[in-house]
Every structure is written in C-alpha cells, then in structure tokens.
Amino acid sequence: MNESEALLGFGAIAHVDRLRIVRMLVVAGADGMSAGAIAAALDGAQPSRVSFHLKELEQAGLTLARREGKSIIYSADFPALSDLVAFLMHDCCQGHCVYCDKAIKLFALCTGRPTGPDVTE
C-alpha cells in the first residue's frame, strides 16, 4: 500500500458513521450485513445517508458489496484493512520489531471467518 492509498483509506474512516460501519462489518465477518441492517444499527439512519457512506467506503476499497436476492450485502475487505494497519505498523522500531512483523503477517491471513479448534463448519 502506498501513501496515497493509505490516505484514501484513512480519509474514508475519518467520519464517525463510516468508522462505525467498518467496525460493524468487521464484527459481522465475511457474512456481512445488509444496508438496512446497517441503517438500523446506526440508530435508524436514513437509507440515503447510509448509501452515501457505504459508497465512500467502497470507493476507498475498504468494503465489498454483493447481491443476495433483492438485498445488497456489505462486508469488510479484510485484506484492505490489513494493509491499512500494516501501513501504520510497517516501520515500527525502524522496521525491526519482531512482534509487529508477526502481527502484520497474521492480519494478512484474516478472512473474516472464525478459526480455531472450537469452530465447526
């Protein structure tokens, strides 16, 4: 990720509603949420306002949209969010921090799906 891409991403989440939407979508994982559910979670925000914010997040590359029947489902773009975090942490300790290096590698593996021994699919 270059600096201009990072600025676009950080600029997109520099609004309270868009930051809340991204955090909601991270919690929702790969299954995502419909625009209506997002609006309801934002204290019943107007659909036009939610659509505007979702468009901004999608243009910044932080969310993905897919159609399911008549609904559009939005989800966090986990690789893009990982890249944004990695951009901040990349030069930690002058680029020589083993903990940040491990965290960056782990973030890059996130798919928004649960993992671990107690996950059944």
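Cut-off values and rules
- Numbers given to residues run from 1 along each chain, matching the order in which its sequence is written.
- Since the coordinates come from a predicted model, pLDDT governs what is reported: local features require at least 70, and pairs of side-chain atoms require 80 or more to be given and counted, while whole-chain, interface and lining totals use all residues.
- Side-chain numbers come from the whole structure's heavy atoms, not from hydrogens or water.
- Per the convention used, a helix needs a DSSP run of H or I reaching at least four residues, while a strand needs a run of E reaching at least two, with both numbered from the N terminus.
- Contacts: residue pairs with any heavy atoms within 4.5 Å of one another.
- The Shrake-Rupley method, run with a 1.4 Å probe sphere, supplies the accessible areas, and residue values consider only the shown protein chains as cover.
- For this count, His and the chain ends are skipped, Lys and Arg are scored as positive, and Asp and Glu as negative.
- All charge positions are set by atom: Lys at NZ, Arg at CZ, Asp at CG, Glu at CD.
- Only buried Ala, Val, Leu, Ile, Met, Phe, Trp, Tyr and Cys residues count toward a nonpolar core, and they belong to the same one when joined by side-chain atoms within 4.5 Å.
- Residue burial is assigned from relative accessible area. The probe radius is 1.4 Å, only protein chains are included, and a residue is buried under 20% of its type maximum, exposed over 50%, and partly exposed in between.
- Lines fitted to the C-alpha atoms define the axes, with helices restricted to the stretch that makes contact. Angles between their N-to-C directions range from 0 to 180 degrees.
- Relative orientations are named as follows: roughly parallel for angles under 35 degrees, roughly antiparallel for angles over 145 degrees, roughly perpendicular for angles from 65 to 115 degrees, and oblique for any other angle.
- It is the rotation of the near helix from the far one that decides the hand of a crossing: anticlockwise by less than a right angle makes it left-handed, clockwise makes it right-handed.
- In the scheme used here, Gly and all other residues not listed as nonpolar or charged are polar, with Ala, Val, Leu, Ile, Met, Phe, Trp, Tyr, Cys and Pro taken as nonpolar and Asp, Glu, Lys and Arg as charged.
- To count toward a patch, a residue needs a relative accessible area above 30% and no salt bridge. Like charges then connect within 9 Å, nonpolar side chains (Val, Leu, Ile, Met, Phe, Trp, Tyr) within 5 Å.
- The term salt bridge refers to a pairing of a side-chain nitrogen on Lys or Arg with a carboxyl oxygen on Asp or Glu at a separation within 4 Å.

Trainee: Explain the overall build of the protein chain to me, please; I cannot follow it from the model alone.
Mentor: Helices and strands together make up the secondary structure of the protein chain, namely six helices and three strands. In the protein chain, the succession of helices and strands from N to C terminus is α-α-β-α-α-β-β-α-α. Projected onto its principal axes, the C-alpha coordinates of the protein chain cover approximately 45 × 40 × 25 Å. Taking as baseline every contact in the protein chain between residues at least 6 positions apart, the subset at least 24 positions apart corresponds to 57%. Split by element, the accessible area of the protein chain, about 7,900 Å² in all, is 58% carbon and sulfur. In the protein chain, which carries 11 positive and 14 negative side-chain charges, the distance between the mean positions of the two groups comes to 6 Å.

Trainee: I would appreciate a short explanation of the nonpolar core in the present structure.
Mentor: A general trend in soluble globular proteins is that nonpolar side chains are found buried together. Ile21, Leu25, Ile38, Leu42, Val50, Leu57 and Leu62 are the most contacted members of the largest nonpolar core, which has 23 residues in total. Listing elements by their share of this core, those giving two or more residues are helix H1 (3–12), helix H2 (16–28), helix H3 (35–41), helix H4 (47–59), strand E3 (71–76) and helix H5 (78–89). Ignoring any residue separated from it by four or fewer positions in sequence, one finds Leu57 in contact with Ala12, Ile13, Arg18, Ile21, Val22, Leu62 and Thr63.

Trainee: Hey, could you run me through the packing of H5 against helix H6 (residues 98–109) in this one?
Mentor: When two helices pack together, their arrangement is given by the angle between their axes and by how far apart the axes lie. Where H5 contacts H6, the two axes come as close as 9 Å, and the packing angle between them is 170°. The pairing of H5 with H6 is recorded here as roughly antiparallel in orientation. Crossing of H5 over H6 shows left-handed handedness. In contact with Ser82, Val85, Ala86 and Met89 of H5, H6 contributes Cys100, Ile104, Phe107 and Ala108. Residues of the contact of H5 with H6, tallied by class, amount to seven nonpolar, one polar and no charged.

Trainee: Honestly, a nonpolar patch on the surface in this entry has me stumped. Any pointers?
Mentor: A cluster of nonpolar residues, Met1, Val85, Phe87, Leu88, Met89 and Phe107, forms a patch on the protein surface that exposes about 510 Å² of accessible area. It is H5 that provides the largest number of residues to the nonpolar patch, a total of four residues. Within the secondary structure layout, Leu88 lies in helix H5.

Trainee: Help me understand unusual backbone geometry in this model?
Mentor: For residues that are not glycine, phi is negative in most cases, and the peptide bond is trans in most cases. Despite not being glycine, Asp43 has its phi angle at roughly 55°, a positive value. Tracing the backbone shows Asp43 in the loop between H3 and H4. Under the relative-accessibility criterion, Asp43 is labelled exposed at 74%.

Function cannot be read off these values alone, since they describe shape.
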